[in-house]
There are 2 protein chains.
Amino acid sequence: MKTVKVALLGFGVIGRGFADLLLKKQDFLRKKHNLEIKVVGIGEYNGCLVNDKGVDLKTALDLREKGQWLDKHKDWKKITGKELLEKTDAEVAVEVVPSNIKTGEPGADLIEAALKNGRHVVSSDKCAMAHKFTKLKKLAESKDVRLLYEASAGGAMPLMSLARECLQIDEIKSLQGILNGTTNYILTKMQKGGMDLQTALREAQELGYAEADPTYDIEGIDAAAKLVILANDLMGMEKTYNDVEVSGITQVTKEAVALAKKNGYSIKLIAEISGSSLSVRPKLVPEGHPLDIDGSLNGVMFKTDVARDVTIIGRGAGGLETQSAIYSDLLRVSAIV
Amino acid sequence: MKTVKVALLGFGVIGRGFADLLLKKQDFLRKKHNLEIKVVGIGEYNGCLVNDKGVDLKTALDLREKGQWLDKHKDWKKITGKELLEKTDAEVAVEVVPSNIKTGEPGADLIEAALKNGRHVVSSDKCAMAHKFTKLKKLAESKDVRLLYEASAGGAMPLMSLARECLQIDEIKSLQGILNGTTNYILTKMQKGGMDLQTALREAQELGYAEADPTYDIEGIDAAAKLVILANDLMGMEKTYNDVEVSGITQVTKEAVALAKKNGYSIKLIAEISGSSLSVRPKLVPEGHPLDIDGSLNGVMFKTDVARDVTIIGRGAGGLETQSAIYSDLLRVSAIV
C-alpha cells in the first residue's frame, strides 16, 4: 500500500467536498488503487490544521457543518498556507481556494509557493490558472513536478485528461463549448419556459445556480477564463483573458430565442477556439447537435484530425461532481510520487 | 527513440486505415511520443507480408488501391496469421479482422493465438470480444500481457479509456447509449425528413452507412454486441450476447416518430445497462437531452457516483476515425513494452 500525503489548500465547498469524499472512498482507494491518501494539512484564510499523522477530517467537517471555524479543532495552528507548505512533507498540494477572477489571487500565489517547494499541484482554481497559466506551467517544468488542473475548466467533464490520455494520436484543430452552467440554465428557461432573461435569472438564483452577483456568468467572463485554460493546455497557446473576444447573454431577448426555436435552433453561449482566435458569444446551435443540451449542463466539442468530432457533456460545477476531476488528477500524480 | 514492432492482422478498411495513418503520423509519433512504430507483418486471409525491418506499407496500400492482392508484394509469404505471429518478434498484435458476428471468428482465434504467444493485443473486433470476452481477458491476465479493444465498441468514442483514465474515482452505476450509427441515421431521417423506415434505410444504403444486408443494424444486434463489451469492461460483468434483451427499430413507424416529436421527444435505439440487465430497444429521449443527437453519431451517457452524468458523443465507425481508438490503445501498450 502506497501512502500519498496531501496538503489541502482551501476548505470551502470544494475543499469540504474533497475531505468528505476521501472519507467515503478510503476503502475504494485501497482496494482499487492500492493507495492511502492522507491529508496532513488544511489551509484556511485565517489559519491551518496540521497533523503529520493525518488531520481528523471528520471533526473538521463537523465543525463547519455547525457553522464554526476550524480554530476549535485540536490540529489548529495560526499559520499561513505558505507556512503550512513548509511545515509539512506533503507530496501534493490540492489547491481549491476561491480566487479573485480579476487577479487570480490568492490561488496563483499559493500554487507558485507549492511548486517552488517542489510539491506537485492539483488545482480547481480557474482564476489562478487563467491568469498565470504560462508562468505556473513553466515553473512546474523547471521544478520537475506536475501541475494538473482538470477541475479548473469544465468541472466534472474530463477535458484535458480526455485529450491527453484518450486522444493521443489526434491533433485538436478547434473546439466549441458551453462552459457556463448558469447561462445555459437561463437560456433553456427562456426557450422552454418562455421566460425573459430577468425572470430566468431570478429562478437560477433561487435554485442556487447563479450567484447574487451574476455578472461574471451572464457577461461571459467565467466562460472566457475557462476557455483560456483550454486553449493553453490543449493547443499549446499562450493566451490570457484579454485575448478573448467576449459578449455575454444580456442582449438575448425571449423573442430572439423563440424565433430561433421556430427555425429549429437553440441560442447557446458558445466559447470557441478557431485558428488562433478565442471568443465567447451567443450562437445558434441546430436541434440535434451535440451541443444542443438543456439545463445547467456543460459540453465541449473537439474537432480533431483523426476522430473528427468528439463531444463530452457533463456537470460543469458542484461540490461533489468536481471531485471527479480533482481525484482523477490526484490519482495520476500519485502514480509518480 | 523507442521502437515497437507490430503485427497487423487484417488489411480491410480498418487495417488499411491503420497503415495509411501510420505513414502520415510517423513524424508526429517521433516528436510527441518519442516512438517509432514498425509494422513487421500484415496478415491477410490468403497469406501474409513479413519483413522484420518493416513491411513497405506504401506498396501494400498502392496494390490494394489498384484492386490487386498482396501476393504481388515483395514481402509476401504463403503463411497463415498464426504462423505470422510465430515468425515475427512483434510485441503487439493489432487485430482488425472482420469477424463473424455469430461466432466471433476468425478474430477470437487470432487474439487467442497472439496472447498465448505472449504478445500484447489491440483489437477493433467487436464480434471476437463480444463472444469471448471473459476467456480472452483471463488469458491475457495469465500471460501478463495487455488486451485492449477501445475500437471494438463505439469506434472513435473513447469509452473504456475514458472510464479507466479520466473517471478513476468514479463507480459507473448504469449507462445508456446510441451504439449504432445506421439506425440513428435512419431514425433522424424519419424524424426530420418525414421518411418511412424503408425509404430512410435505402438512403442510408446509398450513402454507404448501411450494409446491403442491414439486419444486424436495424434489429439491434450490432448495438447488443457492443453493449456486452461495455458491460464486461466497465462494470466487471461476465455477460454474453444471449444476456441482452434486444428489439430493433423495424416496428418504429413514421407516425410514431412524428407523434413523439410533437410531444418534444425523439425515438432513439437505446442500449442500456441498468442493474444487471442489458437491453437494446427504441426509447423516447427528450429534446435537449445529451443523447438527442442527429445523424450517424453515436453517444454514451455514464451515470456515476461522483461526476454523476458524463456523456461522450462521436463517430461510431469509419476507416479513419476508428484509428483514434486503435492508436490510443497502441500508445498505451507501447508505454509498457
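Preceding block: the structure.
Residues numbered from 1 in each chain as written. Chains lettered and ligands numbered in written order. Predicted model: local features only at pLDDT ≥ 70, side-chain atom pairs only at ≥ 80, totals over all residues. Heavy atoms only, no water.

(A) Summary view of the pairing of strand E6 (residues 120-123) of chain B. All names here are of chain B. Burial of E6 is two-sided: the residues His120 and Val122 facing one way and the residues Val121 and Ser123 facing the other way are all buried. Where strand E5 (residues 92-95) and E6 come together, four bridges link them in parallel fashion. Looking across to E6, one finds that Glu95 is bridged to Ser123. For the crossover that starts at E5, traverses helix H4 (residues 107-116) and ends in the parallel E6, the hand is right-handed. At this point the chain moves from E6, through helix H5 (residues 126-143), to the parallel strand E7 (residues 147-148), and the crossover so formed is right-handed. (Buried < 20%, exposed > 50% of the residue type's maximum accessible area, 1.4 Å probe, protein only. Helix = DSSP H or I, 4+ residues; strand = E, 2+ residues; numbered from the N terminus. Pairing = 2+ DSSP bridges. Right-handed = clockwise from strand over helix to strand, strands pointing away.)

(B) Main features of the interface of chain A and chain B. Between chain A and chain B, the residue contacts involve 45 residues of the former and 45 residues of the latter. Both faces combined, the contact of chain A with chain B buries some 3,900 Å², and carbon together with sulfur accounts for 53% of it. When the buried area of chain A at its contact with chain B is split by residue, Cys166, Gln168 and Ile169 of chain A rank highest and sum to 17% of it. Counting across the chain A and chain B interface gives 10 salt bridges. A salt bridge links Lys25 of chain A to Asp305 of chain B; the nearest nitrogen and oxygen atoms lie 2.6 Å apart. Our count for the contact surface shared by chain A and chain B stands at 30 residue pairs in polar contact (both at pLDDT 80 or more). Those elements that place two or more of their residues in the side of chain A that touches chain B are helix H1 (13-33), helix H6 (160-166), strand E13 (309-315) and helix H12 (321-334) of chain A. Class assignment for the residues of the side of chain A that touches chain B results in 20 nonpolar, nine polar and 16 charged. Sheet topology places E13 of chain A next to strand E13 (residues 309-315) of chain B; five bridges connect them, and they run antiparallel. Following the sheet pairing, Thr311 of chain A is matched in E13 of chain B by Ile313 of chain B. (Contact = heavy atoms within 4.5 Å. Buried area = accessible area lost by both parts, 1.4 Å probe. Salt bridge = Lys/Arg side-chain N within 4 Å of Asp/Glu carboxyl O. Polar contact = N/O pair within 3.5 Å; in protein donor to acceptor, adjacent residues only side chain to side chain. Nonpolar A, V, L, I, M, F, W, Y, C, P; charged D, E, K, R; others polar.)

(C) Region of the structure containing the sheet that holds E13 of chain B. Strands sit in the order E9(A)-E11(A)-E10(A)-E8(A)-E12(A)-E13(A)-E13(B)-E12(B)-E8(B)-E10(B)-E11(B)-E9(B) across an open sheet of 12 strands; the sheet is mixed. In this open sheet, the two edge strands, each paired with only one partner strand, are strand E9 (244-246) of chain A together with strand E9 (244-246) of chain B. On average, each strand axis in the sheet is inclined to that of its neighbour by 25°, with strand direction left out of account. By the bridge criterion, six bridges tie strand E8 (residues 172-178) of chain B to strand E12 (residues 297-304) of chain B in an arrangement that is antiparallel. Within E12 of chain B, the residue paired with Ile172 of chain B across the bridge is Thr304 of chain B. Packed on one face of the sheet, helix H7 (residues 181-192) of chain B meets E8, strand E10 (265-274) and E12 of chain B and runs near 155° to E10 of chain B. (Axes fitted to C-alpha atoms, helices over the stretch in contact; angles between N-to-C directions.)

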